[in-house]
Amino acid sequence: MNIHDYASFSESLYGLRRRAVKIRVKKDNTLSDSNDVIHHSGLQKYQKRLSVLFLVVLPYFKSKLHSVYNKEREATLQASLWGHDDERFNNADYFSEERGSLIPTGNSDVEMSVRAQLAKRFQKFVGVFYPWLHAGNEGLSFAYQLLYLLDATGFYSLGLHALGIHVCRATGQELMDTSSRISKIRSRERDRLRGPPWLKTLQRALLSCTYTVLDYAQTGLIAAVFFFKMMEWWYQSAEERMSAPTVYPPPPPPPPPKVAKDGIPLPSDRTACALCLQKRTNPSVVAVSGFVFCYACIFKYVSQYKRCPITLMPANVDQIRRLFHDM
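Remember, predicted model here, so these are calculated numbers, not experimental data. (Residues numbered from 1 in each chain as written. Predicted model: local features only at pLDDT ≥ 70, side-chain atom pairs only at ≥ 80, totals over all residues. Heavy atoms only, no water.)

Caption draft 1: Seen up close, the packing of aromatic side chains. As enumerated under the stated definition, the model contains seven aromatic pairs in all. A centroid spacing of 6.3 Å and a plane angle of 65° characterise the contact between Trp-233 and Trp-234, whose relative ring orientation is edge-to-face. Judged by relative accessible area, Trp-233 falls into the exposed class, the value being 54%. (Phe/Tyr/Trp six-rings, centres within 6.5 Å; stacked < 30°, edge-to-face > 60°. Buried < 20%, exposed > 50% of the residue type's maximum accessible area, 1.4 Å probe, protein only.)

See below:
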């Protein structure tokens, strides 16, 4: 059976071919059980078209739905944070200085409003149902790939199972048949050349160059991808080395704030509060100066005088911070 070569670009890059699967039940007269025999054949027209649909069209629509879902999710998060402030301007009326009358902007363009409403409804529909669709697709893909690895099925995706297509590695005989078929096609193209001898020679040279490029395109593509990734890794590592932060020693702590002349002097005991001269209870710090007091003392003082009692720097009760000690 002559099996034609059908594969996607990535599949042909790895020497894979798509084969239509026909399962026939073969009963044995001597034994009671039955055996399933799998026959491979060329792809039908509907299989080719549906393969293009599963390889190109469906991923394109999925990417579009994913972008719509991301926009809807961002809009929902923004609405939950800031509210629907823009909705009040949708039906607002604006004054036209040229005509001197009120022009309702909501009725200016009915078609655009209908399209906007349909677009919003579609975005909301996608925002609700796309996560379930995406989860179902990923779950089916994972299940098929797991079953394929366990040799429980010959299909590694739902699309291939629905189309009845196996992805198989091309055999040596198939590769030889393909090369011989390509050689015959090229020889026929050379025989069709017409014109004077110098023109035929030029055309043959151009065809030979074209065929050489096509023959080594796969190897050249692999080499180009490898070279590109190697250069990307090289420059990325160089940029990381150049942009690595330089480790500097920590800066010295700032000097303590000075005690004002008219301020309360600091007590000799560092654990005592400068206001009540007792050991601090519920220690709290004034953020503008950094000095620590009892919470009740500093709260009462700042509420009354609006300043730090030691440095006389302006402060308020919102700048008082409670300090906690690890037990």
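Let's pick the thread back up.
Caption draft 2: Highlighting the environment of Arg-204. Residue placement: Arg-204 occurs in helix α6 (residues 197–215). Each C-alpha atom, one on Arg-204 and one on Arg-190, is 6.7 Å from the other, the two residues being 14 residues apart in sequence. (Helix = DSSP H or I, 4+ residues; strand = E, 2+ residues; numbered from the N terminus.)

Caption draft 3: Molecular detail of the pattern of salt bridges. Scanning all chains against the criterion turns up five salt bridges. In this structure, Arg-18 engages Glu-11 in a salt bridge whose closest nitrogen and oxygen atoms are separated by 3.0 Å. Glu-11 carries the same exposure label as Arg-18, and that label is buried. Two residues, Glu-138 and Lys-62, come together in a salt bridge whose shortest N-O distance is 3.5 Å. (Salt bridge = Lys/Arg side-chain N within 4 Å of Asp/Glu carboxyl O.)

Caption draft 4: Molecular detail of the nonpolar core. Formed by Cys-273, Ala-274, Val-286, Phe-291, Phe-293, Cys-294, Ile-298, Val-302, Cys-308, Ile-310, Ala-315 and Ile-320, the largest nonpolar core amounts to twelve residues. Of all the secondary structure elements, the ones that give two or more residues to this core are β7 (292–294) and α8 (295–305). If we skip the residues at most four places from it in the chain, Val-302 touches Arg-307, Ala-315, Asn-316, Val-317 and Ile-320. In terms of nonpolar packing, the next biggest core, distinct from the first, is built from eight residues, Ala-20, Leu-163, Ile-165 and Val-167 among them. (Core = buried A, V, L, I, M, F, W, Y, C linked by side-chain atoms within 4.5 Å. Contact = heavy atoms within 4.5 Å.)

Caption draft 5: Local environment of unusual backbone geometry. Positive phi, close to 60°, is recorded for Asp-151, a residue that is not glycine. A relative accessible area of 68% means that Asp-151 is categorised as exposed. Even without being glycine, Leu-312 reaches a positive phi, approximately 60°. For Leu-312, a relative accessible area of 26% puts it in the partly exposed group.

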